[in-house]
Amino acid sequence: DAGITQSPRHKVTETGTPVTLRCHQTENHRYMYWYRQDPGHGLRLIHYSYGVKDTDKGEVSDGYSVSRSKTEDFLLTLESATSSQTSVYFCAISDPGLIAGEQYFGPGTRLTVT
Amino acid sequence: QKEVEQDPGPLSVPEGAIVSLNCTYSNSAFQYFMWYRQYSRKGPELLMYTYSSGNKEDGRFTAQVDKSSKYISLFIRDSQPSDSATYLCAMSGGSNYKLTFGKGTLLTVNP
């Protein structure tokens with residue numbers, strides 16, 4: 001357990017509404033990531049952060065924005081949710097002290113957009 | 001062609017069988033190769049990692065990397081029902097700590 005929590009764990013929302021998912025870590029890890037996992041697509045990187053206020057896009061960033069104002073929190077926002085954003089969202093962390101590729105994942109948030 | 005291709009399965013084997021899981025990749029810059037295991041409704045967890053080519057063994061698990069063929073494998077000996085999970089291969093070039101994942105193979109080990 002790398003001290004990662006995600007909230008909410010489950011959410012149902014309507015198309016067009018804004019949604020914010022929170023990832024919180026307690027161990028001062030430098031890198032944080034947001035992934036989505038869908039059947040037939042595996043895990044795909046949405047956005048990642050390599051420090052406070054330093055973020056970059058992943059392979060499926062359209063429709064998503066992120067913010068990291070504190071080391072411990074990485075927020076993922078869907079500005080106007082669409083049904084295609086129904087997915088399971090995972091947050092992950094890593095550190096320069098770990099091997100490249102060693103990431104620890106949170107428990108996931110199951111989001112349904114109706 | 002996707003950067004990482006993984007046999008989708010699903011794979012169903014009897015308890016005690018030897019399981020072989022495989023991925024191919026196209027990006028020559030990948031240097032670190034990982035296998036993650038994901039139980040149902042849980043986050044992935046790192047199972048094995050290998051740097052560059054070669055083999056690595058950990059108990060019943062062996063990871064192999066053949067960079068010349070751009071092919072990686074995970075072998076599970078004496079498979080157990082508790083090994084039932086989705087196995088994801090993942091790769092990294094190492095410089096920016098980003099991972100590229102395969103789609104995952106769902107394994108079921110039947111008692």
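The present account deals with the structure reproduced in this document. (Residues numbered from 1 in each chain as written. Chains lettered and ligands numbered in written order. Predicted model: local features only at pLDDT ≥ 70, side-chain atom pairs only at ≥ 80, totals over all residues. Heavy atoms only, no water.)

**A few points about the overall build of chain A**
- From N to C terminus, chain A includes zero helices and eleven strands.
- Reading the secondary structure of chain A in the N-to-C direction produces β-β-β-β-β-β-β-β-β-β-β.
- The dimensions of chain A, computed from C-alpha atoms along their principal axes, are 40 × 30 × 25 Å.
- Residue burial in chain A is summarised as follows: out of 114 residues, 52% are buried. (Helix = DSSP H or I, 4+ residues; strand = E, 2+ residues; numbered from the N terminus. Buried < 20%, exposed > 50% of the residue type's maximum accessible area, 1.4 Å probe, protein only.)

**Observations regarding the nonpolar core**
- Core analysis: the largest hydrophobic core is formed by 24 residues, its most contacted members being Trp35, Ile72, Leu74, Tyr87 and Met91 of chain B.
- Of all elements in the fold, only strand S3 (19-25), strand S4 (32-38), strand S5 (45-51), strand S7 (61-66), strand S8 (71-76), strand S9 (85-92) and strand S11 (105-110) of chain B reach the threshold of two or more residues within this core.
- If you look at the next biggest cluster of nonpolar residues, it comprises 19 residues, including Cys23, Leu76, Cys91 and Val113 of chain A. (Core = buried A, V, L, I, M, F, W, Y, C linked by side-chain atoms within 4.5 Å.)

**Examining the pairing of S11 of chain B**
Residue and element names in this part refer to chain B.
- Where burial is concerned, the two faces of S11 differ: the one with Thr105, Leu107 and Val109 is buried and the one with Leu106, Thr108 and Asn110 is not.
- Where strand S2 (residues 11-14) and S11 come together, four bridges link them in parallel fashion. In the sheet register, Val13 faces S11, and the bridge partner there is Val109.
- Alignment of S9 against S11, held across three bridges, turns out to be antiparallel. Paired with Thr86 across the bridge in S11 is Leu106. (Pairing = 2+ DSSP bridges.)

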